[in-house]
Amino acid sequence: MLANWRRTRYLQTCPRALAHRDQIAGQPTTDNPLFYHLSGLVHCALCGHEYYAHPDHPHHQSLTVACTGELVKL
Ligand SMILES: [Zn+2]
């Protein structure tokens, strides 16, 4: 589970990414999810924040969930 303070922060910065993350968390774990590489300093086109500010994947901590619902490795 996501700590409350982190959830609160994501609700303010990237609510769409958080919604996607919650959806993923409710699904069965996938072994090899599709992702692409991106710099964490790139600003998200949807929320305007750096990708570093987005939540991690609930099952794969090395991946980040973007506001588009896509998975990125920073
Ligand atoms: Zn975003």
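First things first, this report covers the structure right here in the doc.

Each value, and the rule that gives it
Residues numbered from 1 in each chain as written. Predicted model: local features only at pLDDT ≥ 70, side-chain atom pairs only at ≥ 80, totals over all residues. Heavy atoms only, no water. Salt bridge = Lys/Arg side-chain N within 4 Å of Asp/Glu carboxyl O. Helix = DSSP H or I, 4+ residues; strand = E, 2+ residues; numbered from the N terminus. Buried < 20%, exposed > 50% of the residue type's maximum accessible area, 1.4 Å probe, protein only. Donors = N, O, S within 2.8 Å, 3.2 Å for Na, K, Ca; no water. Contact = heavy atoms within 4.5 Å.

The subject of this paragraph is the pattern of salt bridges. Opposite charge on two side chains permits them to pair, given that their charged atoms come into close proximity. Applying the stated criterion to the full structure yields two salt bridges. In this structure, the salt-bridge partner of Arg 7 is Asp 22, at a minimum N-O distance of 3.1 Å. Remark: Asp 22 occurs in helix α2 (residues 15–25) and Arg 7 occurs in helix α1 (residues 4–13); sequence separation between them is 15 residues. You can call Arg 7 partly exposed: its relative accessible area is 22%. Judged by its relative accessible area of 32%, Asp 22 falls in the partly exposed class. Measuring nitrogen to oxygen at the nearest pair gives 3.4 Å for the salt bridge that ties Asp 56 to Arg 21. Pair noted here: Asp 56 is in the loop between β1 (36–37) and β2 (64–65) and Arg 21 is in helix α2, with a separation of 35 residues, a long-range link.

Bound to the zinc ion on the protein side are Cys 44 (SG), Cys 47 (SG), His 54 (NE2) and Cys 67 (SG), at distances that span 2.1 to 2.4 Å. Motif for the zinc ion, donor spacing along one chain: C-x2-C-x6-H-x12-C. In this structure, Cys 47 and His 54 share a single accessibility class: buried.

The next thing to look at is the environment of Pro 55. With respect to the helices and strands, the residue Pro 55 is situated in the loop between β1 and β2. When its relative accessible area of 0% is taken as the criterion, Pro 55 is described as buried. The spatial distance from the C-alpha of Pro 55 to the C-alpha of Arg 9 is 9.7 Å, given a sequence separation of 46 residues. Here Pro 55 is in contact with Tyr 10, Ala 17, Leu 18, Arg 21, Thr 64 and Val 65, once residues within four sequence places are set aside.

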